[in-house]
Amino acid sequence: MRGEIELDPLDEVLIKDAFISFDLASEIEISVGRQKMPFSYERLTSVKNIPFIERSKIVKELDKLGYCGRDVGVQFAFNKKMMDLDFSLMAGIFNGNSGLPDGDNNNSKSFSERIEISKGKFFRAGFNSSQRADSISAKYFVANGFDFSIRLMKEVKITSEVLFGKKNSQSSIGGFYSLIEYEFSDFTFGVRFSQYYKDIKKSATNFYEAKIDYQPLKTLRFQVNFIGEEKNSNFESSLLLGVSYEI
């Protein structure tokens, strides 16, 4: 048995993670409490390890809709080594309110499932799905996604993720991102192209991003991110600087 508590004084919810995990067998684990829902590779990645300062647009929007992110619930995990591959299955039931302070104010629950196959640090592929209840229609809306990472060489890595889900009974949102990173000594250079569809029946917003990371220590990271956003004939750009230190 193990427990984890993570606090964020700057967040609306002070407690980010607060859960207890139990090993039922060598390959089976159950966790109870506030934790990450098993949906979206980027959303499951810790903020200290995500490639850019901000997560991609489609991931943030699905988080707002309650398909991913943190929530209070019970999660089951199964991990198995099969020949040269690592196989994992995660599934959970959550209260459907993203763990906000007002608590569980209805009987509708959210569900998330993820299957991941990997081979060391060279290859990984994931398939996930999430279901949430709509408070107006009382029907369940679904989001799905696929992601993969391939390390072409020791220094070069490609990561991509495709996600889409129902926004309401009339429209669906969707998007993807593709990222390539090059590691050289303490530096990591990367470029990412992504698209976000506010409505999959309409045109997308394009995002062009580039980054330089400098990590002289395992606990210290300096980041420079350039972000360009293109929608219709408009183009906006911004420069983000970040420093993180892990205690």
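Refer to the preceding data block for the structure.
About the cut-offs
Residues numbered from 1 in each chain as written. Predicted model: local features only at pLDDT ≥ 70, side-chain atom pairs only at ≥ 80, totals over all residues. Heavy atoms only, no water. Phe/Tyr/Trp six-rings, centres within 6.5 Å; stacked < 30°, edge-to-face > 60°. Buried < 20%, exposed > 50% of the residue type's maximum accessible area, 1.4 Å probe, protein only. Lys NZ or Arg CZ within 6 Å of the ring centre and 35° of its normal. Pairing = 2+ DSSP bridges. Helix = DSSP H or I, 4+ residues; strand = E, 2+ residues; numbered from the N terminus. Patch = residues over 30% accessible without salt bridge, like charges linked within 9 Å, V, L, I, M, F, W, Y side chains within 5 Å. Areas by Shrake-Rupley, 256 points an atom, 1.4 Å probe, with all protein chains shown as cover. Salt bridge = Lys/Arg side-chain N within 4 Å of Asp/Glu carboxyl O. Lys, Arg positive; Asp, Glu negative; His and termini not counted. Charge placed at Lys NZ, Arg CZ, Asp CG, Glu CD. Polar contact = N/O pair within 3.5 Å; in protein donor to acceptor, adjacent residues only side chain to side chain. Contact = heavy atoms within 4.5 Å.

A.B. asks: Describe the packing of aromatic side chains, with residues and values.
C.D. replies: The full count for this structure, using the stated rule, is ten aromatic pairs. Note on Y214 and F222: the rings are 6.1 Å apart at their centroids and 20° apart in plane angle, and the pair reads as stacked. Its relative accessible area of 34% is what places F222 among the partly exposed residues. Here R124 stacks its cationic end above the ring of Y41, 3.6 Å away from the centre of that ring. The side chain of K211 reaches across the aromatic face of F52, ending 5.8 Å from its centre.

A.B. asks: So, the pairing of strand β3 (residues 28-36): which residues are in play, and what are the values?
C.D. replies: In this structure, strand β2 (residues 15-25) lies alongside β3, joined through seven bridges in antiparallel fashion. Residue pairing for β3: A18 is matched across the bridge by R34. Connecting β2 to the antiparallel partner β3 that follows it, the hairpin turn spans two residues.

A.B. asks: Provide a residue-level description of a positive patch on the surface, including the pertinent values.
C.D. replies: Taken together, the side chains of K167, K198, K202 and K231 make up a positively charged region of the molecular surface. If you trace the backbone, K231 turns up in strand β13 (residues 220-231). Looking at K231, the relative accessible area reads 43%, which means it is partly exposed.

A.B. asks: Break down the pairing of strand β8 (residues 140-151) for me, with residues and values.
C.D. replies: Of the two faces of β8, the one lined by F141, A143, G145, D147, S149 and R151 is fully buried and the one lined by Y140, V142, N144, F146, F148 and I150 carries no buried residue. Judged from the eleven bridges that link them, strand β7 (residues 123-133) and β8 form a sheet pairing that is antiparallel. Residue pairing for β8: F123 is matched across the bridge by I150. Pairing of β8 with strand β9 (residues 156-166), which is carried by nine bridges, proceeds in the antiparallel orientation. Looking at the pairing, G145 lines up with L163 of β9. Linking two consecutive strands that pair antiparallel, namely β8 and β9, is a turn of four residues.

A.B. asks: Could you give me a rundown of the side chain of S31, with the residues and numbers involved?
C.D. replies: Secondary-structure assignment places S31 in strand β3. A distance of 2.6 Å separates the side chain of S31 from the side chain of Q35, its partner in a polar contact. Ignoring any residue separated from it by four or fewer positions in sequence, one finds S31 in contact with F19, I20, S21, G73, V74 and Q75.

A.B. asks: Describe in detail the pattern of salt bridges, supporting the description with residues and values.
C.D. replies: For the structure shown, the criterion picks out 19 salt bridges. For R124, the salt bridge is made with D147, and the minimal N-O distance between the two is 2.3 Å. With R124 in strand β7 and D147 in strand β8, this residue pair connects regions lying 23 residues apart in the sequence. No difference in accessibility class separates R124 from D147, as the two residues are buried. Here R192 and E209 are joined by a salt bridge, their closest N and O atoms 3.0 Å apart.

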